[in-house]
Amino acid sequence: MAAKKEISGFIKLQIKGGQANPAPPVGPALGQRGVNIMEFCKAFNDKTKSLAGKPVPVEITVYKDKKFDFKIKSPPASFFIREAAKLKSGSQEPGRNIVASITKKQAEEIAKQKMNDLNALDLEQAVKIIAGSARSMGIEVKE
């Protein structure tokens, strides 16, 4: 029976896919926990080649023996929404100022990509979550 590894902490970061390097914020965050920074960067970059350039949230579990595991999540909904609306950023005054719109079909596509990370039971609920995110960015969802 294998002994359970003792966890010494969690680190949550958002790094562009395939572009992890020892520079801040990655280096200092991992260095504090004694994690081998280059080992993490290599492993992360290998796993995220397909998401090159997209912001990728990653959850790193650090164990007492300085070993680590990490879980990659899908890029944030706001990233997909901006991509669908072809925008650099959302509205400066969301709620007052609508800067763009996406179709319900685009919202569905985003919901499908995010389904694993969303707290939704079905696609319909997931689309509502995405539509809410879009609204809070000053982007409307059209039927």
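Since the structure is predicted, the reported quantities are computational estimates derived from the model, not experimental observations.

Along the protein chain, the regular secondary structure elements total five helices and five strands. In sequence order, the protein chain lays out its α and β elements as β-α-α-β-β-α-β-α-α-β. Viewed in the frame of its principal axes, the protein chain has a C-alpha envelope of about 55 × 35 × 25 Å. Expressed as a percentage of the 143 residues in the protein chain, the buried residues total 37%. A total accessible area of about 9100 Å² is found for the protein chain, and carbon and sulfur atoms account for 51% of it.

Our next topic: the pattern of salt bridges. Taken as a whole and assessed by the stated rule, the structure comprises five salt bridges. Where D46 meets K49, a salt bridge forms, and the shortest distance between an N and an O atom there is 3.4 Å. Neither residue differs from the other here; D46 and K49 are each classed as exposed. One salt bridge connects K142 with E140, and the closest N-O pair in it is separated by 4.0 Å. With relative accessibility at 43%, the residue K142 sits in the partly exposed group.

Grouped together as the largest cluster of nonpolar side chains are 19 residues, with contacts concentrated most on I81, I102, I110, I130 and I139. A total of six residues in this core trace back to one element, the largest contributor, which is helix 3 (residues 77–85). Listed in part, the 17 residues of the second largest apolar core include L13, V26, F40 and V62.

Across the sheet, three strands lie side by side as 1-2-3; this open sheet has antiparallel pairing. Each end of this open sheet is capped by a strand with a single partner; those strands are strand 1 (7–16) and strand 3 (68–72). Strand-to-strand twist across the sheet, computed as the mean angle between neighbouring axes with direction ignored, equals 20°. Examined bridge by bridge, strand 2 (residues 55–63) and strand 3 share five bridges and lie antiparallel to one another. Note on strand 3: the bridge partner recorded for T61 is D69.

What counts, and where the lines are drawn
- Residues numbered from 1 in each chain as written.
- Predicted model: local features only at pLDDT ≥ 70, side-chain atom pairs only at ≥ 80, totals over all residues.
- Heavy atoms only, no water.
- Helix = DSSP H or I, 4+ residues; strand = E, 2+ residues; numbered from the N terminus.
- Buried < 20%, exposed > 50% of the residue type's maximum accessible area, 1.4 Å probe, protein only.
- Areas by Shrake-Rupley, 256 points an atom, 1.4 Å probe, with all protein chains shown as cover.
- Salt bridge = Lys/Arg side-chain N within 4 Å of Asp/Glu carboxyl O.
- Core = buried A, V, L, I, M, F, W, Y, C linked by side-chain atoms within 4.5 Å.
- Pairing = 2+ DSSP bridges.
- Axes fitted to C-alpha atoms, helices over the stretch in contact; angles between N-to-C directions.

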